[in-house]
Structure formats: C-alpha cells, structure tokens
Amino acid sequence: MCTLFEEIARESELKGKLEGKAEGKAEGKAEGEAKGIVETGFDFGLSENDILERLQNKLNVSFQKAKEYLEMFGRQTV
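Described in the following lines is the structure provided in the data block. Note that the coordinates shown come from a computational prediction; the quantities given were computed from them, not determined experimentally. (Residues numbered from 1 in each chain as written. Predicted model: local features only at pLDDT ≥ 70, side-chain atom pairs only at ≥ 80, totals over all residues. Heavy atoms only, no water.)

## A look at helix α1 (residues 4-43)
One full turn of an α-helix is made of 3.6 residues, so residues set three or four places apart face in the same direction. The terminal C-alpha atoms of α1 lie 59 Å apart, and with 40 residues this matches the ideal 58 Å at 1.5 Å per residue to within 8%. Of the residues making up α1, those classed as buried are A34, I37, V38, G41 and F42. Buried residues in α1 make contact with α2 (48-59) and α3 (63-73). One or two residues past the end of α1 sits G45, with phi positive at roughly 75°. (Helix = DSSP H or I, 4+ residues; strand = E, 2+ residues; numbered from the N terminus. Expected span 1.5 Å × (residues − 1). Buried < 20%, exposed > 50% of the residue type's maximum accessible area, 1.4 Å probe, protein only. Contact = heavy atoms within 4.5 Å.)

## As for the pattern of salt bridges
Overall, the coordinates contain 4 salt bridges when judged by the stated rule. Its salt-bridge partner being K29, residue E33 comes within 3.9 Å of it at the nearest N-O pair. Taken together, the residues E33 and K29, both in helix α1 and 4 residues apart, mark about one turn of the helix. Notably, a salt bridge pairs E68 with K65, separated by 3.5 Å at the nearest N-O pair. Here K65 and E68 lie together in helix α3, a separation of 3 residues that amounts to about one turn. Since its relative accessible area comes to 33%, E68 is described here as partly exposed. Owing to a relative accessible area of 25%, K65 belongs among the partly exposed residues under this scheme. (Salt bridge = Lys/Arg side-chain N within 4 Å of Asp/Glu carboxyl O.)

## Quick look at the nonpolar core
Counting 12 residues, the largest nonpolar core is built from A34, I37, V38, F42, I51, L52, L55, L59, A66, Y69, L70 and F73. If you list the elements that add at least two residues to this core, you get α1, α2 and α3. The contacts of A34, once residues within four sequence positions are left out, are L55, L59, Y69 and F73. (Core = buried A, V, L, I, M, F, W, Y, C linked by side-chain atoms within 4.5 Å.)

## Focus: unusual backbone geometry
The phi dihedral of N60 is positive, around 55°, even though this residue is not glycine. Secondary-structure assignment places N60 in the loop between α2 and α3.

Here's what the structure looks like:
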C-alpha cells in the first residue's frame, strides 16, 4: 500500500514530465517558425538587421534570442 508521501511524489514527477514535454513542444515550434523567417528573409534578399527585426516582432522574442536564431538558421554552407 502506498503512503501519502509516495503518492504525492509520483504525482509531482508526472506533473514535471508533462510540463517539460509542453515546454519542449513550444520551443520546437518557435524554432521552426524562426527557421522559416530566417530562410525566407534571405531568399527575399533582406538584410540581417531586417530579419532580426522580423524575428523579434513575429515571435515576440528579445534581440538576443533573435540573434541566436539567426546564427542557428543563417546562411549555411553545404
């Protein structure tokens, strides 16, 4: 038979896993949107500054986060 403390610990662990999964999905979605913005911006000849501004406006992220996305998804050599 489980004790109350064991039951609370199990519920807490499950809640943590669900919250982590939701955060991971949200971050994945944001990265996918950022990749699309960066690639499309370069396809249309936008400057890096214009792309940074679009990332900030469309994704509601800080300048620093926009720079991270630009570095992550910027022009990649094949």
